[in-house]
Amino acid sequence: MEGTRQKTADASTPFHKVLLFLERSSARRDITKLVYSGSLAFFLLIVITPAIAGIVAQLLTLPSLTLGQDVYARMQSAVVWSFVIGLTVSSLDILAGIPLAWLIVRRPSHLTTILDSLADIPFLIPTVALGFSILEFWSGPTGISQIFGSGSLVSPGTLLIMLLHFAFSFPVIVRVMVGEFLNYRETYEVAARTLGASAFTAVRTVTIPILRPGVLAAFLLALARSLSETGATIVVAGAFENGVVFIRNARDAGLSAAVAIASLVLIVASLLVFAAIKIIAPRFRVAPLKVWPSLERKLSSRIGVGFRNAGSLIVFLIFVLLPCLFIAFPAAESVAAGILGEALAGMGPWGKFWSSMLLSYGVALLATSVNIVFGLPVAVMIARNRFSTRMTRIVDALVDLPIIVPSLALGVSLSFFWSNIGALPEFWVLVLAHTTITYPYFVRAMAASIQGIALELEEAARTLGATPLRVFRKITLPLTRYSLLSGAILVFTRSVDETGATTAVSKVLKTAPVLLVDWIRGTVQVTPEERALGVGFLVLTSFLALVALRLIALRKPKGRS
Amino acid sequence: MPAISFTNITKKFGKVLALDRLSFDVQNGEYLCVLGPTGSGKTTLLRLIAGLLRPDEGAIYFDGKPVNRLEAHDRNAVYVPQQYALFPHLTVLQNVAFGPLARQKPEKEALDAAWKTLEMVRLSWRAKAYPSELSGGMQQRVALARGLASGADLLLLDEPLGALDARLRLDLRHKLRELVKQSGFTAIHVTHDRDEAMSVADRILVLRGGRIQDHGVPPRVYMRPSGIFVANLIGGANLLEGIVDTVTEEISTTRMRGGLMIRTPRAPLPTTEQPVILAIRKETVEISSRDIQRDNVLKGEVREIHFLGSFREYLIRLTNGDVIASRRFLEGMESEFKVGENVTVGFDSRDIIIFAYPRQGLRKELEIS
Amino acid sequence: MPKLDIMGVSKFYGNITAVDSASFRIEDKEYVCIIGPSGCGKSTLIKCIAGIISPDRGEILIDGEPVKQVPIEDRKIGYVFQDIALFPHMTVRDNLAYGLAVRSAGADQIGRVTNEMLDLINMRERSKSFPIELSGGAQQKVAVARAIATGSYLFLLDEPLGALDALVRAELRYELKQLAKDLGLTIIHVTHDQEEALSIADRVIIMKRGRIVEIGTPAEVYLSPKTLFTENFVGETNLLEGKVLRIEGDLCTVGIGSRAIRTLVSGRQPDERVVVSVRPEFVAITSASGADGWRGRIKQVTFLGSLNHYLVETDEGIELVAHTTTTSELDKGFHVEDKVDLVLDGKHMLLFDYPTEGLEKEIALE
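Residues numbered from 1 in each chain as written. Chains lettered and ligands numbered in written order. Predicted model: local features only at pLDDT ≥ 70, side-chain atom pairs only at ≥ 80, totals over all residues. Heavy atoms only, no water.

1. Some thoughts on the side chain of B:Thr117
For step 1, the next point in the chain: Tracing the chain through its elements places B:Thr117 in helix α3 (residues 107–120).
For step 2, the next point in the chain: Discounting chain neighbours no more than four positions away, the residues touching B:Thr117 are B:Val96, B:Ala145, B:Leu148 and B:Ala149. (Helix = DSSP H or I, 4+ residues; strand = E, 2+ residues; numbered from the N terminus. Contact = heavy atoms within 4.5 Å.)

Pasting the structure below:
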């Protein structure tokens, strides 16, 4: 076997030359190792460490760690409520979301395609806007209360928080479950039916148990969102306090010991609950095969299915979609009231509004870029098990940390770390905080997408003579380009939307959602019209993101089956 | 000088031993088939040669040079996985040109080479199509063309025909060998199908549980298998249990169940009273309704008849309860013997191979996974 | 009364006709194999019978009753999938019990039947294993037993052996057949493997592009098929294009290029364009002797165990495949480049009308 390799590179442009040089370098193990360990170091030192170290450092530097009796009691009840609300809402979301996801996957039609897009809305509207919309819908004088003739059908407090959390966790469940159903081998279900199980029985005894890991993942994501959400929760909380509202209130009241302790408690409690659920749930055997043939047969009949579909549609419409879109009415009224010109001209409070929008998008852009550069190698590492298996496993577990831990608590830690230990200016603290908070979204999306490519494709390319960078550039990247784009957009919108950590970090600078919280809560004096329009602007930009996401998702790469 | 040489290669996955001290050579230009059941380590072997895996112990040599430290892209050994791994986002032509381009040939030269290879596999008319638009057989040919055009000289084919319909496989296996030979490649082709292995291979390497069971040209492996496992895997031979009764200068006799005596060759091993397995290929067993002249003539009853197109297989229960199969070619619409019919069965001692009875029992010895 | 009666069943996907007015009957306790190249509609057809897909046209009767309105779970059909589809979260025992449990059978009955099934497939000691712990062959046995446990007598097997090793496949097919005979089951078995079908079927149905081409016993479809497609699909054959020259009694002479061959075929007219088919085992090969046969040169020799496969190029430039048995006295062990004579057995030649859409298209395998 004579080597037939020839080095007749056609390096026409300088760019090409650089590329060729990089491709050749990527064949060297020490260089690939350097890239991977660099990204890993970024993840461990810049993303994860500050999230934990800040809060510990702060606790160590506080002069006194004692809390007043009443403050302690408030904190305790607030933290407990956080979990009560989170667990309740996530369970309800699972019950409501699975049938809808089912409908979307198994009854493909124009209607379900539209439903599929609509289900994303609460995920993409900034939660502050969502909170405002839900507040107006359920308890505002122009909302649903009108129909019932009462001043306020649901007043701010626990129930309204639940309604809010139900709405914004719902799309998480639908999204995850749609993915699960799409990947599911339907043969199992058909097999169950040929063995005599009615459709409902087959799903209950076969499909759901097989998809249990997916259901669990959806549940945990919903729970994390509920525990973490700050901006909107503050808006609808009224006098009620859950964990994050307590921290925010304590911060406003200058109780720094309470802020630090509550943050730590929330962080630790979240980690424990998640670990517990992750460990216990898989051991929990699905209940034995108890069957109620006549009942389940009825549920599987055409009428039963009709009722179920109608039910899940109604829940989606009344509890999720309408409250979320309700913002359109007050916003439209404001436009009709003629303040659009004022707003666009930047008069009155609008000057600050536009600069906050600019800040939001600037921070988002930077955070997104940083995450793409440093997140991509880590995504590859997780997906392809580069380095040792143990290292991959550790990183895999740590990546989710910023999602699991309530962002306000995380913000408290990050803020202390970067401004006191790192002595960074506020703007950069904001950028780094947003990088940490959004890191998991990008890495997870990319890792999943890379895992979706058959390993054989990359292997075949390598044996055809392609160096690792060339394989990545010519095979992996083109096949995941759409996930990369949608991952980036996701990170971007998450960053624009972020209120919890931002609240904790910002002292002078205010991003758009943080400013809007002030507007809605009345800390800053604005008229109701201005308030509605401000929220409207934020929603509009987010809708553009939704449209972009959809377009990307629809433009499937050529030639793929 | 051998093109590829394995010396004492061991590969473990966790606690599972995938390959156990494997040593063999592949000659330059040879077409080697690795035949073995699922889990025998076939794919691992290919991936080791490709450089996608590294051995835990031992060394691999290409043309006498060790390649353990050589990266996959520098080995000139193209891996063609089971489902072909055609790049879904590239056209057929771009797929085939991928190799030369990756090896930094000028674009025109690469595309020319790709085009020529596509003409060779008669697919240039589909050059602009995407892989998903092709039938399974066409995809297989594109994968082959991609390997042939890559500038490598070694093809590693993992079940290249496994995804195709049985009848199509029959047509394509000769074409596959012809193309590989025409292009002067060395090929290692992994399969679990014995007919496929025999029809394409210069030599067959039988693998089981990460160990070599046999290695040789197809007629030798088929006619004189190295052991019971190989006799069953590659020949589907009758395997009868017995005990050596007498051994003389020219011949031995073996005592079967029920005291039935069979004249067996004076093979290297028998000593009296040793338990043995007799392997008798089905086509060497004659059936007749009359008396026949054979070293061994036995009586039996037809139990089952399997029609297989160009031949029928008769399962005959002998008077001692053992069942023996006979393969008969060129019968017409009706089988010559019917189920339940009493027949005479005959075979010669030179067509019998004697193996020592396996220590772990016959069933265990034949288990394929 | 037939067990199953298919009457004009069609299924369309947009412009594509997956199944084109299929009609046939299957008798009680019959073992029928459906074969055809991939995409011929064989899987769609049995999915229609099972109720997994609803046909656009036609009627399906099981035991004489139309089943159009009957949902899958009430058709009492056992179905076995190519990808096996044992429930991964249940043990072997629970898988076997599933069919009875979802019909709310009593615990006694479930226990008794599952034990029977475990004995049937000889896997009592594996009852607590999960599917993933079993080999492919063992998994498929459990899947078959799971279907039998429901008490069905009509079984649809969709490429049941397709995912298994060649050797396991060859053994398991006889076990399946035996099981069917012992328990008196009616079976429709879909496969792309012509050898599998020939070896176990009572009757074979051959499909091509949605249509049923032919139905017959294995010997019929292999030795005297009605269509050229079947002839080629069920086994290797030599196809020669030619024209009928003359008819003399039972003897029909066909011109192939410059040669004439005599066949024992009736019902032909002079000047008809035909395709002559002769299977490799009916092409005898001898050392060049100067007899009135075809003369050629060996291009390729392949050892196939009990057979030698020779590719011979005749002096006329036609390629012919000849098989000789390795035990035969006639096989002298020829080598590449040897000059040989070929004798085509006129008794075993088949004549087909030249297909209107061309030979290549007619016999295309995909």
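2. Observations concerning the interface of chain A and chain B
For step 1, the next point in the chain: Contacts between chain A and chain B engage 34 residues on the former and 40 residues on the latter.
For step 2, the next point in the chain: Here chain A and chain B share an interface that buries about 3,400 Å² over both sides, 56% of which is from carbon and sulfur atoms.
For step 3, the next point in the chain: B:Arg47 serves as the salt-bridge partner of A:Glu459, at 2.6 Å between the closest nitrogen and oxygen.
For step 4, the next point in the chain: Per element, the largest residue contribution to the side of chain A that touches chain B is seven residues, and it comes from helix α24 (residues 455–463) of chain A.
For step 5, the next point in the chain: Broken down by class, the residue content of the side of chain A that touches chain B amounts to 13 nonpolar, nine polar and 12 charged. (Buried area = accessible area lost by both parts, 1.4 Å probe. Salt bridge = Lys/Arg side-chain N within 4 Å of Asp/Glu carboxyl O. Nonpolar A, V, L, I, M, F, W, Y, C, P; charged D, E, K, R; others polar.)

3. Quick word on the sheet that holds strand β17 (residues 311–318) of chain B
Residues and elements named next belong to chain B.
For step 1, the next point in the chain: Judged by pairing direction, the sheet is antiparallel, and its five strands sit side by side in the order β15-β19-β16-β17-β18 without closing on themselves. The open sheet is flanked by β15 (286–288) and β18 (323–329), the only strands paired with a single partner. In this sheet, neighbouring strand axes are inclined to one another by 45° on average, regardless of whether the strands run parallel or antiparallel.
For step 2, the next point in the chain: For β17 and β18, the ladder comprises seven bridges, and the chain directions are antiparallel. Residue Arg312 lies in a different strand from β18, and its bridge partner there is Arg328. (Pairing = 2+ DSSP bridges. Axes fitted to C-alpha atoms, helices over the stretch in contact; angles between N-to-C directions.)

4. Focus: the environment of A:Phe219
Residue and element names in this part refer to chain A.
For step 1, the next point in the chain: Looking at the element boundaries, Phe219 is found in helix α11 (residues 212–228).
For step 2, the next point in the chain: A relative accessible area of 15% places Phe219 in the buried class.
For step 3, the next point in the chain: As a C-alpha pair, Phe219 and Val89 span 130 residues in sequence and 9.6 Å in three-dimensional space. (Buried < 20%, exposed > 50% of the residue type's maximum accessible area, 1.4 Å probe, protein only.)

5. Observations regarding the pattern of salt bridges
For step 1, the next point in the chain: In this structure the tally under the stated criterion is 74 salt bridges over all chains.
For step 2, the next point in the chain: Across the pair A:Arg175 and A:Asp116 runs a salt bridge, and its minimum N-O distance is 3.1 Å. Here A:Arg175 is found in helix α8 (residues 158–183), whereas its partner A:Asp116 is found in helix α4 (residues 110–118), with 59 residues between them in sequence.
For step 3, the next point in the chain: The salt bridge partner of C:Asp74 is A:Arg297, with a shortest N-O separation of 2.7 Å. In this pair, C:Asp74 sits in the loop between β5 (65–66) and β6 (77–80) while A:Arg297 sits in helix α15 (residues 293–300), so the two residues belong to two different chains.
For step 4, the next point in the chain: Residue class for A:Arg297 comes out partly exposed when judged on its relative accessible area of 35%.
For step 5, the next point in the chain: Put simply, A:Arg248, A:Asp252, A:Lys510 and A:Asp518 are held in one network by salt bridges that share partners.

6. Some words on the interface of chain B and chain C
For step 1, the next point in the chain: With 45 residues of chain B at the contact, the number on the chain C side is 45 residues.
For step 2, the next point in the chain: Contact between chain B and chain C buries roughly 3,600 Å² in total, counting both sides, with carbon and sulfur atoms accounting for 62%.
For step 3, the next point in the chain: Between the two partners, chain B and chain C, sit zero salt bridges.
For step 4, the next point in the chain: For the pair chain B and chain C, the number of links is 12 residue pairs in polar contact (both at pLDDT 80 or more).
For step 5, the next point in the chain: For the side of chain B that touches chain C, the element with the highest residue contribution is helix α5 (residues 166–182) of chain B, accounting for nine residues.
For step 6, the next point in the chain: Of the residues belonging to the side of chain B that touches chain C, the class tally is 18 nonpolar, 14 polar and 13 charged. (Polar contact = N/O pair within 3.5 Å; in protein donor to acceptor, adjacent residues only side chain to side chain.)

7. Describing unusual backbone geometry
For step 1, the next point in the chain: A positive phi is found at B:Asn76, a non-glycine position, where the angle reads about 55°.
For step 2, the next point in the chain: Here B:Asn76 shows up in the loop between β5 (65–66) and β6 (77–80).
For step 3, the next point in the chain: With a phi close to 45°, C:Arg209 is a non-glycine residue in the positive phi region.
For step 4, the next point in the chain: Following the sequence through the fold, C:Arg209 ends up in the loop between β9 (203–208) and β10 (211–216).
For step 5, the next point in the chain: In this structure C:Arg209 comes out as partly exposed when scored by relative accessible area, which is 45%.

8. Describing α5(B)
For step 1, the next point in the chain: Across its 17 residues, α5(B) extends 25 Å between first and last C-alpha, which sits within 8% of the 24 Å expected from 1.5 Å per residue.
For step 2, the next point in the chain: Of all the bends in α5(B), the greatest measures close to 35° and is centred on B:Leu172. (Expected span 1.5 Å × (residues − 1). Bend = angle between axes of the 7 residues up to and from the residue.)

9. Observations concerning the domain arrangement of chain C
All names here are of chain C.
For step 1, the next point in the chain: When the domains of chain C are assigned, the result is domain 1 (4–231) and domain 2 (236–363).
For step 2, the next point in the chain: Each of domain 1 and domain 2 has a C-alpha centre, and these two points are 38 Å apart.
For step 3, the next point in the chain: Counting the surface domain 1 buries against domain 2, the share from its top three residues, Tyr222, Leu228 and Glu231, is 60%.
For step 4, the next point in the chain: Applying the counting criterion to the domain 1 and domain 2 interface returns three salt bridges.
For step 5, the next point in the chain: Glu231 serves as the salt-bridge partner of Arg279, at 3.0 Å between the closest nitrogen and oxygen.
For step 6, the next point in the chain: Our enumeration of links across domain 1 and domain 2 arrives at six residue pairs in polar contact (both at pLDDT 80 or more).
For step 7, the next point in the chain: The set of elements that each furnish at least two residues to the side of domain 1 that touches domain 2 consists of α7 (218–223) and α8 (228–233).
For step 8, the next point in the chain: For the side of domain 1 that touches domain 2, the element with the highest residue contribution is α8, accounting for three residues.
For step 9, the next point in the chain: Taken together, the residues of the side of domain 1 that touches domain 2 sort by class into five nonpolar, two polar and four charged. (Domains from an automatic or database assignment.)

10. Quick notes on the pairing of strand β3 (residues 31–35) of chain B
Residue and element names in this part refer to chain B.
For step 1, the next point in the chain: Of all five residues making up β3, five are buried, and the element is well covered by its neighbours.
For step 2, the next point in the chain: Every second residue of β3 is oriented toward a common face, with Tyr31, Cys33 and Leu35 on one face and Leu32 and Val34 on the other, all of them buried.
For step 3, the next point in the chain: Relative to strand β8 (residues 186–191), β3 runs parallel, the two sharing five bridges. Counterpart to Val34 in the pairing with β8 is Val190.
For step 4, the next point in the chain: As paired strands, β3 and strand β9 (residues 203–208) are joined by four bridges and run parallel to one another. When the sheet's bridge partners are listed, Leu32 is paired in β9 with Arg203.

11. Here's the deal with a nonpolar patch on the surface
For step 1, the next point in the chain: On the surface, a nonpolar cluster with roughly 410 Å² of combined accessible area is contributed by A:Ile314, A:Leu317, A:Ile318, A:Phe319 and A:Leu322.
For step 2, the next point in the chain: The topology assignment puts A:Ile318 in helix α16 (residues 302–325). (Patch = residues over 30% accessible without salt bridge, like charges linked within 9 Å, V, L, I, M, F, W, Y side chains within 5 Å. Areas by Shrake-Rupley, 256 points an atom, 1.4 Å probe, with all protein chains shown as cover.)

12. So, the pairing of strand β12 (residues 251–256) of chain C
Residues and elements named next belong to chain C.
For step 1, the next point in the chain: Most of β12 is tucked away: five of the six residues are buried.
For step 2, the next point in the chain: Relative to β12, strand β11 (residues 238–248) runs antiparallel, the two sharing five bridges. In the sheet register, Lys243 faces β12, and the bridge partner there is Gly255.
For step 3, the next point in the chain: From the end of β11 to the start of β12, which pair antiparallel, there are two residues, and Gly249 there has a positive phi angle of about 65°.
For step 4, the next point in the chain: A loop of two residues connects β12 with strand β13 (residues 259–264), the two strands running antiparallel in sequence, and Gly257 in this loop sits at a positive phi of about 60°.

13. Some remarks on the side chain of C:Asp158
Residue and element names in this part refer to chain C.
For step 1, the next point in the chain: Within the secondary structure, Asp158 is located in strand β7 (residues 154–158).
For step 2, the next point in the chain: Classification of Asp158 as buried rests on a relative accessible area of 8%.
For step 3, the next point in the chain: Those residues in contact with Asp158 that lie beyond four places of it in its chain are Ser43, Ile46, Lys47, Tyr79, Val80, Phe81, Gln82 and Val190.

14. A look at the state of the cysteines
Residue and element names in this part refer to chain C.
For step 1, the next point in the chain: Applying the stated criterion across every chain, the model contains zero disulfides over all chains.
For step 2, the next point in the chain: Between Cys40, a cysteine without a disulfide, and Cys33, which holds the nearest cysteine sulfur, the sulfur-to-sulfur distance is 13 Å.
For step 3, the next point in the chain: On the basis of relative accessibility, which here comes to 2%, the residue Cys40 falls in the buried class. (Disulfide = S-S within 2.5 Å.)

15. A look at the environment of B:Ser23
Residue and element names in this part refer to chain B.
For step 1, the next point in the chain: Relative to the helices and strands, Ser23 resides in strand β2 (residues 16–26).
For step 2, the next point in the chain: Ignoring anything within four residues of it in the chain, the contact list for Ser23 reads Phe6, Thr7, Asn8 and Ile212.
For step 3, the next point in the chain: A distance of 2.8 Å separates a polar atom in the side chain of Ser23 from the backbone nitrogen of Asn8.

16. Observations concerning the sheet that holds strand β8 (residues 186–191) of chain C
All names here are of chain C.
For step 1, the next point in the chain: Read across the sheet, six strands follow the order β6-β7-β8-β3-β9-β10 without closing on themselves; strand pairing throughout is mixed. Here the strands that pair on one side only, and so sit at the sheet edges, are β6 and β10. Within the sheet, the average angular offset between the axes of one strand and its neighbour, ignoring direction, is 15°.
For step 2, the next point in the chain: As paired elements, β7 and β8 share five bridges and run parallel to each other. The residue bridging Leu154 from the neighbouring strand is Thr186, located in β8.

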